[in-house]
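Architecture at a glance
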Amino acid sequence: MPSYPRPPFPPQQQSVPGSQRAMDPYPDSGEESYRGSGRLSGKVALITGADSGIGRAVAIAFAREGADVALAYLDEHEDARETARWVEQAGRQCVLLPGDLAEKQHCLDIVSKTVEQFGRINVLVNNAAYQMTHHYLADISDDEWVRTFDINITAMFRICQAAVPHMSAGSSIINTSSINSDAPKPTLLAYAATKGAIANFTAGLAQLLGEKGIRVNSVAPGPIWTPLIVSTMPPDEVSHFGEQTPLGRPGQPVEVAPIYVLLASDESSYVSGSRFGVTGGKPIL
Ligand code: NAD
Ligand code: MG
């Protein structure tokens, strides 16, 4: 088994949305390690938040498993180009789709551009998210509350609604939730509430789309070493990130990707409406 970095980490702080290249230690999104075996051969995937962190690990894994990928992200062009380079190195095609998912039109555009480029969508991974740490209720502005919901859950609804007409039976939707979905961290109040909503939305949508043969599941990561963390958490928390888990360290993005591959693949043809934890030992029941 590879040995992954353990806390304490150097204190570090970036501005939102953060850059993977600037992190120390550099997160492992499977660039040098993930080995594919044709499990998603011939599929087309649209992945949001695909420039960095978990989204990059999923994009690299999907490409090495044989999928072409559309990579949506906010504005981290360097991180996105790096992800694209790995996808192309795997011999797959990709398209880059920068823009703000808080805007309804952009949600519709990423779907139509993916279909324009590849003709269909077999796998939709709704993975983009925003969070910010606040120690006092009074510090959360109304705008920030609404924007958090717009990016994390409303965009997910809009993208699913636009994508489903382009998804045939056997397709898969995978939504990134969080351990915060049922164990909310109080300093992430708005974010945690959206993650609860995502878990619930996923369970409902799976039932709604069953008749179309489209499967819908959510993944609930625990602490994972990504730009989201160093751009939204105080440096002292960053230094000790993941220390409280039974495994005593944060997960690396590459350790989250395999469950996305399984849920995207035809091997999980009877798996729908479920939620999968990748938490380093913290129970989610
Ligand atoms: P990340 O920063 O690498 O990825 C999040 C991405 O979301 C960013 O790269 C960014 O491009 C995108 N994004 C943010 N705001 C956007 C907007 N307005 N429009 C379009 N795109 C936007 O961090 P990550 O940790 O890999 O996050 C991926 C997912 O994993 C998120 O849903 C996050 O909530 C979830 N998650 C992360 C952890 C963790 O500890 N890192 C734990 C549980 C869940
Ligand atoms: Mg990013």
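Up top you'll find the structure we're talking about.
Note that the structure is a prediction, hence the values are computed from the model and not measured.

1. Looking at the overall build of the protein chain
- Within the protein chain one finds 8 helices and 7 strands.
- The C-alpha radius of gyration computed for the protein chain amounts to 17 Å, which stays within 12% of the reference 19 Å derived for 285 residues, consistent with globular compactness.
- With the C-alpha coordinates aligned to their principal axes, the bounding extent of the protein chain is approximately 45 × 40 × 35 Å.
- Residues classed as buried in the protein chain amount to 55% of the 285 residues present.

2. Considering a nonpolar patch on the surface
- Taken together, the side chains of Leu137, Trp145, Val146 and Leu189 make up a nonpolar region of the molecular surface, amounting to roughly 370 Å² of accessible area.
- Looking at where leucine 137 falls in the secondary structure, it is placed in the loop between β4 (123-126) and α4 (142-163).
- A residue is classified by how much of its surface remains accessible, and leucine 137, at 66% relative accessible area, is exposed.

3. Concerning unusual backbone geometry
- With an omega of 5°, the peptide bond between proline 7 and proline 8 qualifies as cis.
- Position of proline 8 relative to the elements: it lies in the segment before β1 (44-48).
- The omega torsion across aspartate 24 and proline 25 is 0°, close enough to zero to call that bond cis.

4. Thoughts on empty space enclosed by the protein
- For the coordinates displayed, the defined rule picks out 2 cavities of 30 Å³ or more.
- One number sums up the size of the largest cavity: a volume of about 80 Å³.
- Around the largest cavity sit Gln131, Met132, His134, Ile140, Glu144, Thr148, Pro186, Thr187, Leu188, Leu189, Ala190 and Tyr191, which together line it.
- Of all the secondary-structure elements, those providing two or more residues to the lining of the largest cavity are α4 and α5 (189-209).
- Ranked by residues supplied to the lining of the largest cavity, first place goes to α5 with 3 residues.
- Approximately 50 Å³ is the volume attributed to the second largest cavity.
- Taken together, Thr48, Leu101, Asn126, Asn127, Ala128, Ile151, Asn152, Ala155, Met156 and Ile159 form the lining of the second largest cavity.
- The greatest single-element share of the lining of the second largest cavity, amounting to 5 residues, is contributed by α4.

5. Examining the environment of asparagine 180
- Position of asparagine 180 among the secondary structure elements: in the loop between β5 (172-176) and α5.
- In this structure, the C-alpha to C-alpha distance between asparagine 180 and proline 221, residues 41 residues apart in sequence, is 8.8 Å.
- Discounting chain neighbours no more than four positions away, the residues touching asparagine 180 are Lys185, Leu188, Tyr191, Ala192 and Lys195.
- Of the polar contacts made by the side chain of asparagine 180, one reaches the backbone nitrogen of lysine 185; its length is 2.8 Å.

6. As for the sheet that holds strand β6 (residues 215-221)
- In space, the 7 strands of this open sheet follow the order β3-β2-β1-β4-β5-β6-β7, with parallel pairing throughout. Both outer strands of the open sheet, β3 (94-98) and β7 (275-278), are each paired with one neighbouring strand and no more. With direction set aside, neighbouring strand axes in the sheet form an average angle of 15°.
- Strand direction decides the pairing type here: β5 and β6, joined by 5 bridges, are parallel. Bridging across to β6, isoleucine 174 finds its partner in asparagine 217.
- Docked against the sheet, helix α3 (residues 104-118) engages β1, β2 (68-73) and β3, running at close to 165° with respect to β3.
- Of the strands in this sheet, β4, β5, β6 and β7 touch helix α8 (residues 253-264), which is tilted by about 170° from β6.

7. Concerning the site of ligand 1
- Surrounding ligand 1, one finds 30 residues, the nearest of these being Asp51, Ser52, Ile54, Tyr191 and Thr226.
- In this structure, serine 52 approaches ligand 1 through a side-chain N or O atom, which is 2.6 Å from an oxygen atom.
- Lysine 195 has a polar side-chain atom sitting 2.9 Å from an oxygen atom of ligand 1.
- When ligand 1 is considered free in solution it has 800 Å² of accessible area, and contact with the protein chains removes 97% of it.
- Counting only elements with at least two residues in the shell around ligand 1, the list comes to α1 (53-64), α4, α5 and α6 (227-232).
- Of the residues forming the shell around ligand 1, the biggest block, 3 residues, is contributed by α6.

Calculation criteria
Residues numbered from 1 in each chain as written. Chains lettered and ligands numbered in written order. Predicted model: local features only at pLDDT ≥ 70, side-chain atom pairs only at ≥ 80, totals over all residues. Heavy atoms only, no water. Helix = DSSP H or I, 4+ residues; strand = E, 2+ residues; numbered from the N terminus. Rg over C-alpha atoms; globule rule 2.2 N^0.38 Å. Buried < 20%, exposed > 50% of the residue type's maximum accessible area, 1.4 Å probe, protein only. Patch = residues over 30% accessible without salt bridge, like charges linked within 9 Å, V, L, I, M, F, W, Y side chains within 5 Å. Areas by Shrake-Rupley, 256 points an atom, 1.4 Å probe, with all protein chains shown as cover. Salt bridge = Lys/Arg side-chain N within 4 Å of Asp/Glu carboxyl O. 1 Å grid on protein atoms, 1.4 Å probe; cavity = no way out; pocket = protein on both sides within 12 Å on 5 of 7 lines; lining within 4 Å. Points joined across faces, edges and corners; volume = space filled by probe spheres on them. Contact = heavy atoms within 4.5 Å. Polar contact = N/O pair within 3.5 Å; in protein donor to acceptor, adjacent residues only side chain to side chain. Pairing = 2+ DSSP bridges. Axes fitted to C-alpha atoms, helices over the stretch in contact; angles between N-to-C directions. Near = heavy atom within 4 Å.

Structural measurements only, silent on function.
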